[in-house]
Amino acid sequence: MAASIQFALQSPITGNKRNSTTSIGVSSRFCYIKLGTEPSMRWVCVKRKCSYDRRILTVSCQKGVTSSSKEGEAWKQSLDGEATPLSVVMKFGGSSVASAERIKEVADLIISFSEERPVIVLSAMGKTTNKLLLAGEQAVCCGVSNVSEISELGLIKELHLKTVLELGLDKSIISVLLDELEQLLKGIAMMKELTLRTRDYLVSFGECMSTRIFAAYLNKIGVKARQYDAFDIGFITTDDFTNADILEATYPAVAKKLHGDWIKDSAIPIVTGFLGKGWKTCAVTTLGRGGSDLTATTIGKALGLREIQVWKDVDGVLTCDPNIYPKARPVPHLTFEEAAELAYFGAQVLHPQSMRPAREGDIPVRVKNSYNPQAPGTVITKERDMSKAVLTSIVLKSNITMLDIVSTRMLGQYGFLAKVFSIFEDLGISVDCVATSEVSISVTLDPSKLWSRELIQQASTEAFNVLRKNGVNVQMISQGASKVNISLIVQDSEAKQCVPALHAAFFESDSLPELEEAGFSDNGAPVPSISLL
Ligand SMILES: Nc1ncnc2c1ncn2[C@@H]1O[C@H](COP(=O)(O)OP(=O)(O)O)[C@@H](O)[C@H]1O
Ligand SMILES: N[C@@H](CC(=O)OP(=O)(O)O)C(=O)O
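Nothing here was measured: the structure is a model prediction, and the numbers come from that model.

So, how was this worked out
- Residues numbered from 1 in each chain as written.
- Chains lettered and ligands numbered in written order.
- Predicted model: local features only at pLDDT ≥ 70, side-chain atom pairs only at ≥ 80, totals over all residues.
- Heavy atoms only, no water.
- Core = buried A, V, L, I, M, F, W, Y, C linked by side-chain atoms within 4.5 Å.
- Buried < 20%, exposed > 50% of the residue type's maximum accessible area, 1.4 Å probe, protein only.
- Helix = DSSP H or I, 4+ residues; strand = E, 2+ residues; numbered from the N terminus.
- Contact = heavy atoms within 4.5 Å.
- Pairing = 2+ DSSP bridges.
- Axes fitted to C-alpha atoms, helices over the stretch in contact; angles between N-to-C directions.
- Expected span 1.5 Å × (residues − 1).
- Near = heavy atom within 4 Å.
- Polar contact = N/O pair within 3.5 Å; in protein donor to acceptor, adjacent residues only side chain to side chain.
- Areas by Shrake-Rupley, 256 points an atom, 1.4 Å probe, with all protein chains shown as cover.
- 1 Å grid on protein atoms, 1.4 Å probe; cavity = no way out; pocket = protein on both sides within 12 Å on 5 of 7 lines; lining within 4 Å.
- Sits in = over half its atoms within 2 Å of the grid points.
- Nonpolar A, V, L, I, M, F, W, Y, C, P; charged D, E, K, R; others polar.

A. Spatial organisation of the nonpolar core. In terms of nonpolar packing, the biggest core is built from 59 residues, with Leu258, Val271, Ile299, Leu350 and Ile380 touching the most fellow members. Broken down by element, the residue count for this core peaks at seven residues, all from helix α13 (residues 492–507). When residues no more than four places from it in sequence are discounted, the contact partners of Val271 are Val119, Ile120, Val121, Leu122, Thr211, Tyr228, Ala230, Ile233, Leu258 and Ile299. Judged by nonpolar contacts, the second largest core, of 53 residues, contains Leu122, Leu167, Ala189 and Ile270.

B. Main features of the pairing of strand β17 (residues 378–381). Across three bridges, the pairing between strand β15 (residues 333–335) and β17 is parallel. Looking at β17, one finds that His333 is bridged to Val379. Relative to β17, strand β16 (residues 365–369) runs antiparallel, the two being bridged by three bridges. Directly across from Val365, in β17, lies its bridge partner Ile380.

C. A look at the sheet that holds strand β9 (residues 225–228). What the eight strands build is an open sheet, ordered β9-β11-β8-β7-β14-β16-β17-β15; its pairing is mixed. Looking at strand neighbours, the two that pair on one side only are β9 and β15, the edges of this open sheet. Each adjacent strand pair in this sheet contributes to an overall mean axis angle of 20 degrees, direction not counted. The strands touched by helix α2 (residues 100–112) are β7 (88–92), β8 (118–122), β11 (268–272) and β14 (307–312); relative to β7, the strand with the most contacts, the crossing angle is about 170 degrees. Against the sheet, helix α7 (residues 250–264) contacts β8, β9 and β11, and its axis sits at roughly 155 degrees relative to β9.

D. Layout of helix α5 (residues 172–191). The terminal C-alpha atoms of α5 lie 29 Å apart, and with 20 residues this matches the ideal 28 Å at 1.5 Å per residue to within 8%. In the core, the buried residues of α5 are packed alongside α3 (128–142), α4 (151–166) and α6 (196–220). Just downstream of α5, Lys192 is the residue with a positive phi angle, here 55 degrees.

E. Expanded view of the site of ligand 2. Inspection of the region around ligand 2 gives Lys91, Gly93, Gly94, Ser123, Ala124, Thr129, Glu207, Phe274, Arg289, Gly290, Gly291 and Ser292 as its neighbouring residues. Ser123 is positioned such that a nitrogen or oxygen atom in its side chain is 2.7 Å from an oxygen atom of ligand 2. Contacts to ligand 2 include Glu207, whose side-chain N or O atom sits 2.7 Å from a nitrogen atom. Its free accessible area being 340 Å², ligand 2 has 83% of it covered by the protein chains. Among the cavities detected, the one that contains ligand 2 is the largest pocket. In terms of residue class, the shell around ligand 2 is built from two nonpolar, seven polar and three charged.

Set out below in structure tokens:
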């Protein structure tokens, strides 16, 4: 099939239409078009079914979103007209690859899906990322000569070397990285500082080692695999170290590399989660904690895959955090919007940004349990049957700050809210929930979006009743435009008791558990929000 496409592009700025023959590449479901020749113009991804029409495409160009034309050209050459045979991406979190035994189990799981031709994304083994960060903190103050004695460095070495040994692999696959890691820690000790940039480079050792070990193990047992560092295959990000955003240029570059290599010599790609490369600095960046989920959905969208699988240590997305309330149960279906809200409000199970590429590519995300693969898990799609849904899940977010602004000067005035929010903007503080009256505004400060739908009335009334019966004073309620969330703000000291009470009311029997008498401290201290999704 030819993949050269005629598009009449309409400039979003001038409104002028201009004919443009934009040669592009296609993946199995998408095609990418580069708008303009300047590097600052963005890639646009459209559904492949549109790609063979001559049609007007109106697009908005985002400032600051960049793409390299060189990559686009190379990508075009490799993908022209060809659908990728890769079909799913499977991401395994730290808990799924925490030991040699777990790695063997995950390898067996992948082999059992061999007809899928998967791309594998891995996080660092177990709690390695936390240990690397602690080692970095210790290096800042321990002195160069004591770096070898840092306890976390010892634990990291021990875990990885033991794993390599138990899997029957050659330790040379990680020994260079372990030496480099120690050198880096000595550098930190010498400088007596740990910048955000260095922090990202430091934690990257976790994913770099886990993927090398896993690929080597698959090859050893006769399953052809190829290891990739995400920062070397086109994961191009902003330079916001520790919390970088993926840039549009990533999609064609990653698709080109993974698809092209597969076509030349098919081997299961094993990709480092969580990592990218800053587009200006070219340094290693990270996508925020838990960012491997986002790596997986980005690959899913780039290649237009059939499904994105995120394998965890729980039976899917649950009705609440099982660490707070063990009776939490799996939620079988969620929409992208609901899952994103859950994640924004702090449900640790998914990375807050990870739903965006899946939603844009309309690719189902399945959250599964690598310890219990038979469990159906949670399927996240664009739409689901909402006819019986009242409440989906409860998230508790601690230590948010609530600010009450009271001024009689607001009465009958205009522009007051605008002034307040411009101050937050100047300070770079994102506002979470807002409630207003004629003379006051209450805001909670943290990132999120909120909703309203018919059922919200029922859900919020019932939630209020549950909390009132249990003596909890709701300080603020907020529902916003995204239609999938209500937030109730209560005192920190009462928050953990609210979750079982709400869970029992909405997901269990009719009888409600009584909360213990809780002292209300009204001292304006940070309060948590309970988000009811
Ligand atoms: N609503 C929720 N549903 C499922 N898990 C949750 C929820 N809220 C918090 N969690 C926690 O998230 C953990 C899974 O996420 P994460 O640690 O990122 O997994 P992984 O490292 O395997 O990717 C679970 O073990 C659970 O403790
Ligand atoms: N290892 C990184 C990235 C990640 O996604 O981890 P996990 O999948 O284990 O949450 C972290 O701990 O943040």
